[in-house]
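# Examining the three-dimensional arrangement
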Amino acid sequence: MATVSSVPSEGVQPQSNQQQQRKTETETEDRMGWGRFSLYGISSVAGLTFLYYFWRSNYSLHKTELLLLERWMTLPLYPPPEPTSAELNSKVDPKCLPHNMVDALAEWFIATDLRELGGVSRDDILELFRDLGFDEDHAACKEFLNRGEGQLEERRRLSGVGLQESIDLLAKLVLADGASPGSSSDHRLGLEAVEQLRRRSRGLSSMLQNASVLQQAMQAPVGLAPAQAAPALASVADQTAGLVQSWSEEMPADIDDVEHNGMEKARLTRLEASLMAQLERIGTLSPAEEARL
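Residues numbered from 1 in each chain as written. Predicted model: local features only at pLDDT ≥ 70, side-chain atom pairs only at ≥ 80, totals over all residues. Heavy atoms only, no water.

## Examining the nonpolar core
- Met101, Leu105, Trp108, Ile125, Phe129, Leu169 and Leu170 are the most contacted members of the largest nonpolar core, which totals 31 residues.
- At the level of secondary structure, the elements contributing two or more residues to this core comprise α5 (99-115), α6 (122-131), α7 (139-146), α9 (163-176) and α10 (191-219).
- Setting aside residues no more than four positions away along its own chain, Leu105 makes contact with Leu128, Phe129, Leu163, Ile167, Leu170 and Leu197. (Core = buried A, V, L, I, M, F, W, Y, C linked by side-chain atoms within 4.5 Å. Buried < 20%, exposed > 50% of the residue type's maximum accessible area, 1.4 Å probe, protein only. Helix = DSSP H or I, 4+ residues; strand = E, 2+ residues; numbered from the N terminus. Contact = heavy atoms within 4.5 Å.)

This is the structure:
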């Protein structure tokens with residue numbers, strides 16, 4: 001009995017090791033790592049954001065979705081949209097030319113483009129620059145003309161041209177003559193040239209107004225009887241005559257008489273053609289219209 005010693009059983013030591021290993025694993029799992037911390041933080045922020053927009057939308061899930069989508073679209077996650085083709089086409093580079101000259105040229109270009117059936121041609125640009133005092137035989141003008149469509153020179157003169165190309169030609173002509181585009185020493189880019197372009201634009205705008213009035217005269221009395229259409233045509237014709245007279249009174253005296261006579265002849269030709277068309281379509285004209293015809 002005295003020789004009996006307390007020897008531990010075989011399963012006591014492995015059991016204690018397993019308990020220590022489980023305790024170590026539990027402590028490891030309870031530790032807050034960066035990954036778990038980030039997950040908890042993002043989840044908390046997302047939950048609070050959802051609850052905030054859910055409250056703003058008066059507890060409507062559909063409105064909450066729309067508000068979250070709108071907010072998501074404002075985040076800088078995508079590159080900014082590129083300019084559209086319309087924006088690129090409307091952008092004009094002044095090429096160091098005076099801004100008032102570029103604005104006046106753009107106004108004249110738009111008015112001429114609206115008047116002409118085929119738009120502004122290269123011959124119109126060359127004629128305008130020749131009136132401003134530039135040499136049409138310049139190398140830049142020849143290069144400008146050679147870029148037109150067609151094999152013959154007459155065909156290239158009648159080909160279309162853009163506003164930016166016209167501004168580039170004007171800048172080349174000024175730089176080739178040795179003048180500074182931004183200076184006012186060159187009279188061809190001064191106030192006189194700008195005023196001349198604006199006078200041309202006003203004259204073209206008045207002609208466009210007259211054309212719109214004549215178009216109204218051709219379209220308005222379609223459903224009217226001949227007796228009812230005659231007073232309407234007479235009033236429209238009087239309005240056209242008043243516009244032409246006011247434009248003639250506002251026109252400065254230094255405009256070339258040949259140019260004025262040519263525009264007046266073209267106006268009378270269009271008025272005659274309009275009245276003849278009304279006569280063929282309606283069958284009668286008022287005494288005032290017959291006198292004008």
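## Details of the packing of α5 against α9
- The geometry of α5 relative to α9 is characterised by a closest axis approach of 11 Å and an angle of 135 degrees between their N-to-C directions. One finds that α5 runs oblique with respect to α9. Seen along the crossing, α5 lies across α9 with a hand that is right-handed. Note on element contacts: α9 touches α5 through Leu163, Ser166, Ile167 and Leu170, opposite Met101, Val102, Leu105, Ala106 and Phe109.
- Residue composition of the contact of α5 with α9, by class: eight nonpolar, one polar and no charged. (Axes fitted to C-alpha atoms, helices over the stretch in contact; angles between N-to-C directions. Parallel < 35°, antiparallel > 145°, perpendicular 65-115°, else oblique. Left-handed = near helix turned anticlockwise from the far one by under 90°. Nonpolar A, V, L, I, M, F, W, Y, C, P; charged D, E, K, R; others polar.)

## With respect to the pattern of salt bridges
- A full pass over the atoms with the stated rule returns 10 salt bridges.
- Salt-bridge contacts for Lys95 lead to Asp93; the nearest nitrogen and oxygen are separated by 3.5 Å.
- Residue classification places Lys95 among the partly exposed residues on the basis of a relative accessible area of 36%.
- Residue Glu116 pairs with Arg115 through a salt bridge whose shortest N-O separation is 2.5 Å.
- One network of salt bridges, in which partners are shared, links Asp123, Arg130, Glu136, Glu153 and Arg157. (Salt bridge = Lys/Arg side-chain N within 4 Å of Asp/Glu carboxyl O.)

## Here's the deal with unusual backbone geometry
- Look at Asn58: it is not a glycine, yet its phi comes out positive at around 60 degrees.
- Inspection of the secondary structure assignment puts Asn58 in the loop between α2 (34-56) and α3 (61-73).
- Judged by relative accessible area, Asn58 falls into the exposed class, the value being 60%.
- The phi dihedral of Tyr59 falls on the positive side, at around 60 degrees, and the residue is not glycine.
- Structurally, Tyr59 is set in the loop between α2 and α3.
- According to the relative accessible area criterion, Tyr59 is exposed, its value standing at 54%.

## Remarks on the confidence of the model for the protein
- Scored by pLDDT, the protein comes out at a mean of 74, with 62% of its residues at no less than 70.
- α7 holds the highest mean pLDDT among the elements of the protein, 91, whereas helix α11 (residues 226-250) holds the lowest, 54.
- pLDDT under 50 marks residues 221-226. Its contacts with residues more than four places away, or in other chains, come to nine contacts. (pLDDT = per-residue confidence, 0-100.)

## Topic: the packing of aromatic side chains
- Summed over all chains, the structure comprises five aromatic pairs.
- Between Tyr52 and Trp55 the ring centres are 6.2 Å apart and the planes differ by 40 degrees, which places this aromatic pair in the tilted class. On the criterion of helical spacing, the pair formed by Tyr52 and Trp55 is a turn pair, its members being three residues apart in helix α2.
- Taking the relative accessible area as the measure of exposure, Trp55 reaches 52% and is therefore exposed.
- Seen in terms of ring centroids, Phe54 and Tyr59 are 5.4 Å apart; in terms of plane orientation they differ by 75 degrees. Their pairing is edge-to-face.
- An aromatic cluster of at least three residues, connected via ring pairs, comprises Phe50, Phe54 and Tyr59.
- It is Arg122 that lies over the ring of Phe144; its NZ or CZ is 4.8 Å from the centre. (Phe/Tyr/Trp six-rings, centres within 6.5 Å; stacked < 30°, edge-to-face > 60°. Lys NZ or Arg CZ within 6 Å of the ring centre and 35° of its normal.)

## Considering the side chain of Arg122
- When you line up the elements, Arg122 lands in helix α6.
- Take Arg122: its relative accessible area is 5%, and that puts it in the buried class.
- For Arg122, the side chain forms a polar contact with the side chain of Glu165, separated by 3.0 Å.
- Ignoring sequence-local partners within four residues, the contact set of Arg122 consists of Phe144, Arg147, Gly148, Arg156, Arg157, Ser159, Gly160, Val161 and Glu165. (Polar contact = N/O pair within 3.5 Å; in protein donor to acceptor, adjacent residues only side chain to side chain.)

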